[in-house]
Amino acid sequence: MRIERLARIAADELAEVLWPTRCVSCDQPGELVCDECRAALPWVEQRLACPVCGAPYGFLTCTECDGSWAPRATVAALGFRGTAARMVTCLKDAHELRLAPVMAAAMLTALEEASAWPAVDGAPRFSGADVDGICFVPATAEAYGRRGFDHMELVARELAGMSGVPLADVLVRGPARDQRSLGKDARAANLSGTMRVCEDVCGMRLLLLDDVATTGASLNEASRVLLGRGAASVTACALARVW
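Structural notes, computed from the coordinates.

Calculation notes
Residues numbered from 1 in each chain as written. Predicted model: local features only at pLDDT ≥ 70, side-chain atom pairs only at ≥ 80, totals over all residues. Heavy atoms only, no water. Helix = DSSP H or I, 4+ residues; strand = E, 2+ residues; numbered from the N terminus. Buried < 20%, exposed > 50% of the residue type's maximum accessible area, 1.4 Å probe, protein only. Contact = heavy atoms within 4.5 Å. Salt bridge = Lys/Arg side-chain N within 4 Å of Asp/Glu carboxyl O. Polar contact = N/O pair within 3.5 Å; in protein donor to acceptor, adjacent residues only side chain to side chain. Core = buried A, V, L, I, M, F, W, Y, C linked by side-chain atoms within 4.5 Å.

Let us look at the overall build of the chain. Counting its regular elements, the chain contains 8 helices and 6 strands. Going from N to C terminus, the chain has its helices and strands arranged as α-α-β-α-α-β-α-α-β-α-β-β-α-β. Sorting the 243 residues of the chain into buried and exposed places 47% on the buried side. The contacts of the chain with a sequence gap of at least 6 include a subset with a gap of at least 24, amounting to 72%.

Laid out in structure tokens, this is it:
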């Protein structure tokens, strides 16, 4: 085991010499997210965010959710622009798997901040003590086959390790059209019936993760099927929120 560990370290060091780490946003060498880009991240201020859908500045009056949002609360860490958008793209499409713990750390930071603010039900928007498992919106089989991994599974595993909350890999997803060109109603219709629960979740309080919340179609569909199979509650968390 020691020889294998030393070999991995040597291989990593050689790779760093041949292909130096660069910032995913500005391309400067050194770190995946450099100090300057990290300082400019568009953090969502949780006290001002909508407690239902996580939209920034929606605490008093939210124009983004219409009462059909299924999770009991939603926490978004960042606005979907700049470095935040590049992080998602580089993990999914450029296979920069080292971004998974970076994204997980950002989401945990937002969750910890959100724990100080109430959801609609009066309880904290997030409490690690009140979560039985961390699950995630799964990739389609087509996306998994194309990439060779499920990016949100990687992020969920990292977040589970950081928070001490067990991973609950309980969702599977059938085929659906690419969502990026679809509007709100079309996204919801496209995803309807495409997810199912593959493990017993009865009575579980779940934290559901996704990379980007746009209209909320993926988070809503996943939450509905989890609640429909007996989950006690679903709290959602996205790395980034479009608004």
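Picking up where we left off.
Side-chain pairs of opposite charge can arise where the charged atoms are in close proximity. Tallied over the full model, the rule gives 10 salt bridges. Between Asp211 and Lys92 there is a salt bridge, with its nearest N and O atoms 3.5 Å apart. Of this pair, Asp211 sits in strand E5 (residues 205-213) while Lys92 sits in helix H3 (residues 82-92), placing them 119 residues apart in sequence. With relative accessibility at 7%, the residue Asp211 sits in the buried group. Glu96 is the salt-bridge partner of Arg98, the closest N and O atoms lying 2.9 Å from each other. Several salt bridges converge on common partners, so that one network encompasses Glu31, Asp35 and Arg38.

A separate point is the side chain of Thr235. Relative to the helices and strands, Thr235 is located in strand E6 (residues 233-241). Not counting residues within four places of it along the chain, the set of residues in contact with Thr235 comprises Arg72, Ala73, Arg125, Leu206, Leu207 and Leu208.

Here the focus is the environment of Arg205. Within the element layout of this structure, Arg205 appears in strand E5. Placed 26 residues apart in sequence, Arg205 and Ala231 show a C-alpha to C-alpha distance of 6.3 Å. Among all residues touching Arg205, those that are not within four sequence positions of it are Ala129, Asp130, Val131, Asp132, Gly133, Ala232 and Ser233. Here Asp130 takes part through its backbone oxygen, which lies 3.4 Å from a polar atom of the side chain of Arg205.

What follows concerns the nonpolar core. For soluble globular proteins, the rule of thumb is that nonpolar side chains tend to be buried together. Counting residues in hydrophobic clusters, the biggest one holds 40 residues, and the most contacted among them are Leu99, Met103, Ile134, Val155, Leu159, Leu207 and Leu209. Where this core is concerned, the elements lending two or more residues are strand E1 (73-79), H3, helix H4 (99-114), strand E2 (133-136), helix H6 (151-163), E5 and E6. Among the elements that line this core, the one with the most residues is H4, at 10 residues. What Leu207 contacts, discounting residues up to four positions off in sequence, is Leu111, Phe126, Val131, Gly133, Ile134, Cys135, Leu159, Thr235, Ala236 and Cys237. If you look at the next biggest cluster of nonpolar residues, it comprises 20 residues, including Cys135, Val170, Leu206 and Ala231.

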